[in-house]
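Breakdown of the fold
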Amino acid sequence: KGRADTDRRHRVVLAAGGQLPWLGLTGSATLQYASSLPFNITTGRDENVDGLTNDRPAGIGRNTGDDTPLGPINALRAKSGLPPIDRLTSQDFLQVDLRLARPYHFGQAKTKGEWFMQVFNALDRGNVGLIEGRVTSRSFGQPLALAGPPRTLELGVRFGF
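Remember, predicted model here, so these are calculated numbers, not experimental data. (Residues numbered from 1 in each chain as written. Predicted model: local features only at pLDDT ≥ 70, side-chain atom pairs only at ≥ 80, totals over all residues. Heavy atoms only, no water.)

1. Some points on the sheet that holds strand β3 (residues 93–105)
The antiparallel open sheet is built from five strands, whose spatial order is β1-β2-β3-β4-β5. Each having just a single partner strand, β1 (11–19) and β5 (152–160) make up the two edges of the open sheet. The sheet shows a mean angle of 15° between the axes of neighbouring strands, direction not considered. The pairing of strand β2 (residues 26–34) with β3 spans nine bridges and is antiparallel. Bridged to A29 within β3 is L98. (Pairing = 2+ DSSP bridges. Helix = DSSP H or I, 4+ residues; strand = E, 2+ residues; numbered from the N terminus. Axes fitted to C-alpha atoms, helices over the stretch in contact; angles between N-to-C directions.)

2. Considerations on the nonpolar core
Ranked by size, the top nonpolar core spans eleven residues in total: F39, I41, I60, I73, L76, I85, L88, V128, I131, V135 and F140. Discounting residues that sit within four places of it in the chain, I41 has contacts with R56, P57, I60, T64, G65, T68, I73, L88, G133, V135 and F140. (Core = buried A, V, L, I, M, F, W, Y, C linked by side-chain atoms within 4.5 Å. Buried < 20%, exposed > 50% of the residue type's maximum accessible area, 1.4 Å probe, protein only. Contact = heavy atoms within 4.5 Å.)

3. A look at helix α1 (residues 70–79)
Buried within α1 are the following residues: I73, N74, L76 and R77. Looking straight down α1, one finds its buried side chains confined to an arc of 160°; they lie on one side. What points out from α1, more than 90 degrees from its buried face, is the exposed set G71, A78 and K79. Backbone geometry just downstream of α1 places G81 in the positive-phi region, at approximately 75°. (Arc of directions from axis to C-beta.)

4. A word on the side chain of E132
Mapped onto the elements, E132 comes out in the loop between β4 (112–120) and β5. Only 2.8 Å separates the side chain of E132 from the side chain of R134, close enough to count as a polar contact. If we ignore the near neighbours within four places in the chain, the residues touching E132 are S137, S139, F140, G141, Q142 and L144. (Polar contact = N/O pair within 3.5 Å; in protein donor to acceptor, adjacent residues only side chain to side chain.)

5. Section: unusual backbone geometry
In this structure, V49 is a non-glycine residue whose phi angle is positive, near 50°. Locating V49 in the fold gives a position in the loop between β2 and α1. Classification of V49 as exposed rests on a relative accessible area of 70%. For D124, which is not glycine, the phi torsion reads 55° and is therefore positive.

6. Side note on the environment of L153
As for its placement among the helices and strands, L153 is situated in strand β5. For L153, a relative accessible area of 54% puts it in the exposed group. Taking the C-alpha atoms as reference, L153 lies 10.0 Å from D97; in sequence the two are 56 residues apart. Beyond its immediate stretch of four places on either side in the chain, L153 contacts M117, Q118 and V119.

7. Digging into the pattern of salt bridges
Counted by the stated rule, this structure contains four salt bridges. E47 is the salt-bridge partner of R45, the closest N and O atoms lying 3.1 Å from each other. Linking R134 and E132 is a salt bridge whose minimum nitrogen-to-oxygen distance equals 2.8 Å. Classification of R134 as partly exposed rests on a relative accessible area of 41%. (Salt bridge = Lys/Arg side-chain N within 4 Å of Asp/Glu carboxyl O.)

Function cannot be inferred from these measures alone, as they are strictly geometric.
See below:
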């Protein structure tokens, strides 16, 4: 038993929006913060010959992540000819999204819309997702994927009838 793969212990989302004092623009901002994900540590081999390579080293629980004792890990790494590690860390998630929009009307009063620009991950922070958990891997403890894309700019037009 242990924490689920998606068990972030802390999550905060702050959002604000409103009319800006120039050019009839509206703006909004969203800040998201979440604590790090747990990750599962395995040997990377089929220790109990059940056909699966998801066996954990002795003394290591499921999804212990940063709280994993390093003794059993370094013992197994030494047997595999790999260097010891001195700590395990996974990164928190932090993202800021911004949006500017300007409404417009054309033709009949019923036809309206808005021009907008959105920036996702405005800080261009590399938020990591999955962590390599196989103790016998040279990239053990390193990120395998991102939890979202890098900074993304989106320009658009919305029509209403």
